[in-house]
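Understanding the architecture of this molecule
The residues making up each chain are set out below.
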Amino acid sequence: MKKILALAGILAVAGCHQDHHGGSAYDPWYITYSNDHPIAAEAESGYILAKEDELVDLINIDRVLSGLNVLVYSPEISNVARAHSIHEAIGDFTGSWNPEGDGPSDRADLAGFFYTRYGENTSAGLSDPVDVFNNWMLIPAMHDNLHDAWWDRIGCGYEEDSWSTYGNYWTVDFLED
């Protein structure tokens, strides 16, 4: 019995969302699927926000250097992007489509966004925002998303989960008003 309790304590400290989600009145996963996987999730630490902010800054600096508009940071879009990164970690999948069959614009609709276009870049396995950005610059579809002149707003989500296959998950969502 002591071993089971010790293991439960280790899992809770390690940050496995399935072990600590839903236990309090405050729920950072404020929009969920019926299976309790997140659609929108607030950041649970300053560490996560700092990593996300660094990637958004890299994207906007690159856009300015390329003669493009700066994208306006949106906490609400970040909450949807972050939830997708969390969902990838707990579901052990990668990419823009989740096991429920929803893509980026479907999740934006579920979160109540109004937009003309909605796009997304994802990455798994890299922990450093600079590495994520540099990798996206090498992938034509991701590069094109980063340099799309029509995007207006941006949100970024990051999740670390040492129990998952890739350990680090990034989602950047772009919105055209």
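Now for a quick tour of the structure. (Residues numbered from 1 in each chain as written. Predicted model: local features only at pLDDT ≥ 70, side-chain atom pairs only at ≥ 80, totals over all residues. Heavy atoms only, no water.)

**Section: the sheet that holds strand E3 (residues 72–73)**
Hydrogen bonds along the backbone pair up the strands of a sheet, which may run parallel or antiparallel. Spatially, four strands are ordered E3-E5-E6-E4 in an open sheet, and the strand pairing comes out mixed. The strands lining the two open edges of the sheet, one partner per strand, are E3 and strand E4 (117–124). Sheet topology places E3 next to strand E5 (residues 153–160); two bridges connect them, and they run parallel. Bridging from a neighbouring strand, tyrosine 73 pairs with isoleucine 154 of E5. Against the sheet, helix H3 (residues 46–65) engages E3, E5 and strand E6 (168–176), with an angle of about 135 degrees to E5. (Pairing = 2+ DSSP bridges. Helix = DSSP H or I, 4+ residues; strand = E, 2+ residues; numbered from the N terminus. Contact = heavy atoms within 4.5 Å. Axes fitted to C-alpha atoms, helices over the stretch in contact; angles between N-to-C directions.)

**Some words on helix H6 (residues 129–138)**
Inspection of H6 places Pro129, Val132, Phe133 and Trp136 among the buried residues, and these make up the whole buried set. For H6, the angular spread of buried residues about the axis comes to 95 degrees, placing them on one side. Looking at the packing, one finds that the buried side of H6 touches H3, E4, helix H7 (140–146) and E6. Between the side-chain oxygen at the start of H6 and the backbone nitrogen of valine 130 there is a gap of 2.7 Å, and the oxygen is on aspartate 128. (Buried < 20%, exposed > 50% of the residue type's maximum accessible area, 1.4 Å probe, protein only. Arc of directions from axis to C-beta. Polar contact = N/O pair within 3.5 Å; in protein donor to acceptor, adjacent residues only side chain to side chain.)

**Remarks on unusual backbone geometry**
Even without being a glycine, aspartate 36 presents a positive backbone phi close to 75 degrees. Classification of aspartate 36 by relative accessible area gives partly exposed; the value is 37%. Positive phi, normally seen in glycine, also occurs at aspartate 92, with a value near 55 degrees. The topology assignment puts aspartate 92 in the loop between helix H4 (75–91) and helix H5 (104–110).

**Quick notes on the nonpolar core**
Membership of the largest hydrophobic core comes to 17 residues, with the highest contact counts inside it found for Leu55, Ile59, Trp136, Ile154, Val172 and Phe174. In terms of residue count, the dominant contributor to this core is H3 (four residues). For tryptophan 136, the contacting residues outside a window of four places in its chain are Leu55, Ile59, Asn121, Thr122, Ser123, Met142, His143, Leu146 and Val172. Ile77, Ala108, Phe113 and Leu175 belong to the second largest nonpolar core, which has seven residues in total. (Core = buried A, V, L, I, M, F, W, Y, C linked by side-chain atoms within 4.5 Å.)

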